[in-house]
Amino acid sequence: IKDAVHGTIKLDRVLLKIIDTPQFQRLRYIKQMGGKYFVYPGASHNRFEHSIGVCYLAGEFVKTLAKNRDLGISEKDILCVQIAGLCHDLGHGPFSHVFDSMVAPLLDPDNPWKHEDASVLMFEYVINKKPYGTDQSIRNELYRAGLNEDDMLFIKELILGCPLGLQHSDTDPTYNYKGRSKEKWFLYEIVNNKFTSIDVDKWDYFARDCHGLGLSYDFDWKRYISVCQVLYDSDLKRKTICPKEKEATSLYDMFHAREMLHRKALQHVTCVSIELMIADALVSA
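Remember, it's a predicted structure, so these values are computed and weren't measured experimentally.

### Some words on the overall build of the protein chain
Scanning the protein chain from terminus to terminus reveals 12 helices and four strands. In terms of overall size, the protein chain behaves like a compact globule, its C-alpha atoms giving a radius of gyration of 19 Å where 285 residues would be expected to give roughly 19 Å. On the principal axes, the C-alpha backbone points of the protein chain span a range of 55 × 50 × 40 Å. Burial analysis of the protein chain (285 residues in total) assigns 51% to the buried set.

### Quick look at the nonpolar core
The nonpolar side chains of a soluble globular protein tend to be buried, and buried together. Residues Ile-83, Ile-190 and Trp-203 are the most contacted members of the largest nonpolar core, which totals 75 residues. The residues touching Ile-190, leaving out its near neighbours within four places in the chain, are Ala-58, Phe-61, Val-62, Leu-65, Val-81, Asp-199, Val-200 and Ile-241. Formed by six residues, the second largest nonpolar core is a distinct cluster that contains Met-102, Val-103, Ile-278 and Ala-279.

### A closer look at the state of the cysteines
The final tally for this structure, using the stated rule, is zero disulfides. We note that Cys-271 lacks a disulfide partner, and the nearest cysteine sulfur, in Cys-210, lies 14 Å from it.

### Description of the environment of Leu-27
Checked against the element boundaries, Leu-27 lands in the loop between helix H2 (22-25) and helix H3 (47-66). Spatially, the C-alpha atoms of Leu-27 and His-50 are 9.3 Å apart, while their sequence positions differ by 23 residues. When neighbours within four sequence positions are excluded, Leu-27 is seen to be in contact with Asn-46, Arg-47, Phe-48, Ser-51, Asp-89 and Leu-90.

### A short note on the packing of H3 against helix H9 (residues 200-213)
Two elements in contact, H3 and H9, have axes whose closest approach is 8 Å; the angle formed by their N-to-C orientations is 130°. For the element pair H3 / H9, the angle class is oblique. Considering only the axes of H3 and H9, their crossing is right-handed. Across the interface between the two elements, Glu-49, His-50, Gly-53, Val-54, Leu-57, Ala-58 and Phe-61 of H3 pack against Val-200, Asp-201, Trp-203, Asp-204, Tyr-205 and Arg-208 of H9. Its residues assigned to classes, the contact of H3 with H9 comprises seven nonpolar, two polar and four charged.

### Thoughts on the pairing of strand S3 (residues 229-233)
Pairing of S3 with strand S4 (residues 238-242) involves five bridges; the strand directions are antiparallel. Residue pairing across strands places Val-230 opposite Ile-241, the latter belonging to S4. In textbook terms, the turn of a hairpin is the stretch between consecutive antiparallel strands, and for S3 and S4 this stretch comprises four residues, one of which, Lys-237, has a positive phi near 60°.

### A closer look at the environment of His-92
Relative to the helices and strands, His-92 is located in the loop between helix H4 (75-87) and helix H5 (97-107). Look at His-92 and you get buried, because its relative accessible area is 1%. C-alpha separation for the pair His-92 and Phe-38, spaced 54 residues apart in sequence, amounts to 19 Å. Not counting chain neighbours up to four residues away, the residues in contact with His-92 comprise Arg-26, Ile-30, Arg-47, His-97, Asp-100 and His-115. One polar contact links His-92 to His-115, side chain to side chain, over a distance of 3.5 Å.

### Quick word on a nonpolar patch on the surface
Where nonpolar side chains cluster on the molecular surface, the patch consists of Leu-106, Leu-107 and Val-283 and spans about 260 Å² of accessible area. Within the secondary structure layout, Val-283 lies in helix H12 (residues 269-284).

Procedures and definitions
- Residues numbered from 1 in each chain as written.
- Predicted model: local features only at pLDDT ≥ 70, side-chain atom pairs only at ≥ 80, totals over all residues.
- Heavy atoms only, no water.
- Helix = DSSP H or I, 4+ residues; strand = E, 2+ residues; numbered from the N terminus.
- Rg over C-alpha atoms; globule rule 2.2 N^0.38 Å.
- Buried < 20%, exposed > 50% of the residue type's maximum accessible area, 1.4 Å probe, protein only.
- Core = buried A, V, L, I, M, F, W, Y, C linked by side-chain atoms within 4.5 Å.
- Contact = heavy atoms within 4.5 Å.
- Disulfide = S-S within 2.5 Å.
- Axes fitted to C-alpha atoms, helices over the stretch in contact; angles between N-to-C directions.
- Parallel < 35°, antiparallel > 145°, perpendicular 65-115°, else oblique.
- Left-handed = near helix turned anticlockwise from the far one by under 90°.
- Nonpolar A, V, L, I, M, F, W, Y, C, P; charged D, E, K, R; others polar.
- Pairing = 2+ DSSP bridges.
- Polar contact = N/O pair within 3.5 Å; in protein donor to acceptor, adjacent residues only side chain to side chain.
- Patch = residues over 30% accessible without salt bridge, like charges linked within 9 Å, V, L, I, M, F, W, Y side chains within 5 Å.
- Areas by Shrake-Rupley, 256 points an atom, 1.4 Å probe, with all protein chains shown as cover.
- Salt bridge = Lys/Arg side-chain N within 4 Å of Asp/Glu carboxyl O.

What follows is the structure, given as structure tokens:
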């Protein structure tokens, strides 16, 4: 796949099977930046290419960590992390976060619905559904790739960033993940990092949004992952991914990009006004 942000991306056969499903293909029609497209016409990218980008970055990150053989990262671990990156946004509704933050609260104020929850449900549906013209489900394809039910649970936890059944806003370090042993809990920091917010989901959307908006973006993710180590954290009481101290300026660039996106686009008064009107229309419908 030739991507506008990351260049040529090679994907495993199982990942392509998921991409070919109708549930993943619908992401082609969901604008990543919601109503911002009406103010910034260049921001026309969709959840489809973002999800493929996150899959790619997740794979690059975990493969780099796997070079340290003491961590025991297996090929199954790598594939699970890639699948989670690919499927992490399956549950997005129309206009992306407009549906999360504006429409859903109006439809059901007492239900804290989030797209991560819907992504887990959609992933479960996708792997159980038999694609048109075949007699094998995606789940069977995953079995043939060597995955089992513990791996399916691992993928769902990676998408949520926390164990199933917990609020994904909860950052309690006593999380009790089920998909992997405690020695590998650092893997949960790659796709949806609830502890530091440094994850590949943000790396892709920062780069992709800046590309669409015509803004500069200086964070070098390749350099960052090349200097990361997995060390024991006495506060978390487990291993965690740690960059070298000299990469503090790189992280500053990353979070500065986030601030710039919010200031120049995401919180733009005209964009917000348009999205409020879109939300009213969707609720009325």
